Number of protein chains: 2
Amino acid sequence: MRNARPQSRLDESLLTNVPPFSKLETRQIREILDLASSRRYSEGTTVFQEGEDADRFFMLLDGYIRVVRITPGGEQVIALHIPSGQLFGIAKALGHTTYPATAVTAAESIALSWPTRLWEQFVTEYDGFASETYKTVGIRVAEMNNRIMEMATQQVEQRIAKSLLRLINQTGRKVATGIEIDFPITRQDLSEMTGSTLHTVSRTLSAWEKQGMVSSGRKRITVCEPHELVLLAEATG
Amino acid sequence: MRNARPQSRLDESLLTNVPPFSKLETRQIREILDLASSRRYSEGTTVFQEGEDADRFFMLLDGYIRVVRITPGGEQVIALHIPSGQLFGIAKALGHTTYPATAVTAAESIALSWPTRLWEQFVTEYDGFASETYKTVGIRVAEMNNRIMEMATQQVEQRIAKSLLRLINQTGRKVATGIEIDFPITRQDLSEMTGSTLHTVSRTLSAWEKQGMVSSGRKRITVCEPHELVLLAEATG
DNA sequence: GACACTCTTTGCGCTGGGACAAACAAATGG
DNA sequence: CCATTTGTTTGTCCCAGCGCAAAGAGTGTC
């Protein structure tokens, strides 16, 4: 499936013109290249797959790639367009899933490892702190990614459902019958989270209330039928 | 404007129960706390402001905060809800603007510096590489943030305009008269970037073409009146 | 208890843009 | 050169959800 042809000898000139490396000394570039390998992709081919195990970053030297997410309903959303000179495939390193990427044009990348010596020393010495820090960034990125996909493909009702579930999950609690958002939240707030209006949110909650799915009041929302809500949130539009 | 009351003596017990720190030795926690200061915020107050110069991260120990973006038209979009145990205010450190945050409930945070010694050594030694790496992550986060805001507040036409401009800017080229997207792009692609449909994209481009703003063909789009496009993209809903 | 706020609900009309359908046009390939 | 595939345009219909407007319902304060 991977259609790249690894190249054997990597020349320093590959990197000297790419901004992130241009300031480095030759010695440092060599150190990086010793652990790197270069790949070429032709237009339209797969750069990497969903969830692929990446112990490395990729730096795009030439061309464009796009990262794509596919909804449960089969719709595509282009999550990112990455031009040359940027890193990609970093999600895994931040503790999260990577999504499939394809080459928009013929492209060339190199796979890099971090300059390892100091990095490992750093992570080891401050063990929990460093890795948890990265996890935070990873969570943040993953969450934004999800919101983009939702906004692109889902109806307002589903987005509201997702938002409620997210607010509960975020606190680390289980979504259970009778669970309440544990801080005051207004219809206005919810609308600002979902990209809707307070009127529409109000109507939606009213409808849910009639079906017994939630119970809500002023600045307060309690989920009565979490399972129903999950079904609704995951319905394929 | 900042309404926090700094606390003087920081006790280790503050951190020992917070996941990212729980694995650390007392020695390490002390080292972190020596450079940290704690702050309390009451409900609804400002945690930090737009563009505030943050040489530190903040770790939320208790409560909830939200990060808010305000559109040129004055609409609010809730960009993030942050529960306790997570870092916030990291955007600046990743090389990008921070957005204002307020406390949703009474909240407590501590301001941290990175464990500095090794970190500085790391960044210094690999100068360009490390900082540019962070820039990549920062750019990615900022871009996603923008897309969320756009999806929440803008009409399809504006989002298409923004997407085109982004594709051009991303390549590092100036947006100029007659500039062309330098790789083949279909209506379908554009629709997947903007969360629309290929039909709507086609109609929109047709309309623009009639006004002389763009010239487009099969898998090709050229911007004729970049200024018009910018105006359109920035129009307040 | 009365007044002022703030938050929520509901009705109604209107429209952006999605769904469906059907040509049309440009590439590709035998 | 004709056939097929891939991408684009356009028409028609229709509805989710926004905007506007106005009336409840809680909360806080004097």
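These figures come from a predicted structure and were not determined experimentally.

A.B. asks: Before we move on, could you go through the sheet that holds strand β5 (residues 76-83) of chain A and cite the residues and values that matter?
C.D. replies: The strand order across the open sheet formed by 4 strands is β2-β7-β4-β5 (chain A), and the pairing between neighbours is antiparallel. Every other strand in the sheet has two partners, leaving β2 (46-48) and β5 of chain A as the edge strands with one partner each. When strand polarity is set aside, the average angle formed by the axes of neighbouring strands in this sheet is 35°. Contacts from helix α7 (residues 187-194) of chain B reach β4 (64-70) and β5 of chain A, with the element oriented near 95° to β5(A).

A.B. asks: Summarise the protein's contact with DNA strand D; cite the residues concerned and give the values.
C.D. replies: Taken together, 17 residues lie near DNA strand D, and A:Val156, A:Ser196, A:Thr200, B:Ser202 and B:Arg203 sit nearest. One nitrogen or oxygen atom from the side chain of A:Thr200 is found 2.5 Å from a phosphate oxygen belonging to DNA strand D. The contact in question runs from a sugar or linking oxygen of DNA strand D to an N or O atom on the side chain of B:Arg218, over 3.2 Å. The set of elements that each furnish at least two residues to the surface near DNA strand D consists of α8 (198-210) of chain A together with α8 (198-210) of chain B. A total of 5 residues in the surface near DNA strand D trace back to one element, the largest contributor, which is α8(B).

A.B. asks: Talk me through the protein's contact with DNA strand C; I want residue IDs and the actual numbers.
C.D. replies: Close to DNA strand C lie 18 residues, the nearest being A:Arg187, A:Ser202, B:Val156, B:Ser196 and B:Thr200. Sugar plus phosphate, as a fraction of atoms of DNA strand C within 4 Å of the protein: 71%. A:His199 is positioned with one of its side-chain polar atoms (N or O) 3.1 Å from a base oxygen of DNA strand C. Within the side chain of B:His199, a nitrogen or oxygen atom sits 3.3 Å from a base nitrogen of DNA strand C. Elements supplying a minimum of two residues to the surface near DNA strand C: α8 of chain A together with α8 of chain B. Sort the elements by how many residues they give to the surface near DNA strand C and α8(A) lands first, with 5 residues. Considered class by class, the residues forming the surface near DNA strand C number 2 nonpolar, 10 polar and 6 charged.

A.B. asks: How would you summarise the pairing of strand β5 (residues 76-83) of chain B if you had to cite specific residues and measurements?
C.D. replies: Residue and element names in this part refer to chain B. Taken across its 8 residues, β5 has 7 buried, putting it largely inside the fold. Here strand β4 (residues 64-70) pairs with β5 via 7 bridges, running antiparallel. Each residue of the ladder has a partner; that of Val68, found in β5, is Ile78.

A.B. asks: So, the sheet that holds strand β9 (residues 179-180) of chain B: which residues are in play, and what are the values?
C.D. replies: All names here are of chain B. Spatially, 3 strands are ordered β9-β11-β10 in an open sheet, and the strand pairing comes out antiparallel. Of all strands in the sheet, those bounded by a partner on one side alone are β9 and β10 (214-217). Pairing between β10 and strand β11 (residues 220-223): 4 bridges, direction antiparallel. For Gly217, the partnering residue across the bridge sits in β11 and is Arg220.

A.B. asks: Explain α8(B) to me, and be specific about the residues and the numbers.
C.D. replies: Residues and elements named next belong to chain B. Its 13 residues place the ends of α8 18 Å apart at the C-alpha level, agreeing with the 18 Å of an ideal helix rising 1.5 Å per residue. Within α8 the residues assigned to the buried category are Val201, Thr204, Leu205 and Trp208. When α8 is viewed along its axis, its buried side chains cluster within an angular range of 95° and face the same direction. With respect to the buried face of α8, the exposed residues turned more than 90 degrees away are His199, Arg203 and Lys210. The inward-facing, buried residues of α8 abut α6 (156-170), α7, β10, β11 and α9 (226-234).

A.B. asks: Now, about the confidence of the model for chain A: what can you tell me, with residues and values included?
C.D. replies: Residue and element names in this part refer to chain A. Confidence in the prediction for chain A averages 84 pLDDT; 85% of positions are at 70 or higher. Within chain A, helix α4 (residues 116-125) has the poorest average pLDDT of any element, 61, and α8 the best, 97. Overall, residues 1-8 carries pLDDT values under 50, and its contacts beyond four positions in sequence, including any with other chains, amount to 22 contacts.

Conventions used here
Residues numbered from 1 in each chain as written. Chains lettered and ligands numbered in written order. Predicted model: local features only at pLDDT ≥ 70, side-chain atom pairs only at ≥ 80, totals over all residues. Heavy atoms only, no water. Pairing = 2+ DSSP bridges. Helix = DSSP H or I, 4+ residues; strand = E, 2+ residues; numbered from the N terminus. Axes fitted to C-alpha atoms, helices over the stretch in contact; angles between N-to-C directions. Contact = heavy atoms within 4.5 Å. Near = heavy atom within 4 Å. Polar contact = N/O pair within 3.5 Å; in protein donor to acceptor, adjacent residues only side chain to side chain. Nonpolar A, V, L, I, M, F, W, Y, C, P; charged D, E, K, R; others polar. Buried < 20%, exposed > 50% of the residue type's maximum accessible area, 1.4 Å probe, protein only. Expected span 1.5 Å × (residues − 1). Arc of directions from axis to C-beta. pLDDT = per-residue confidence, 0-100.

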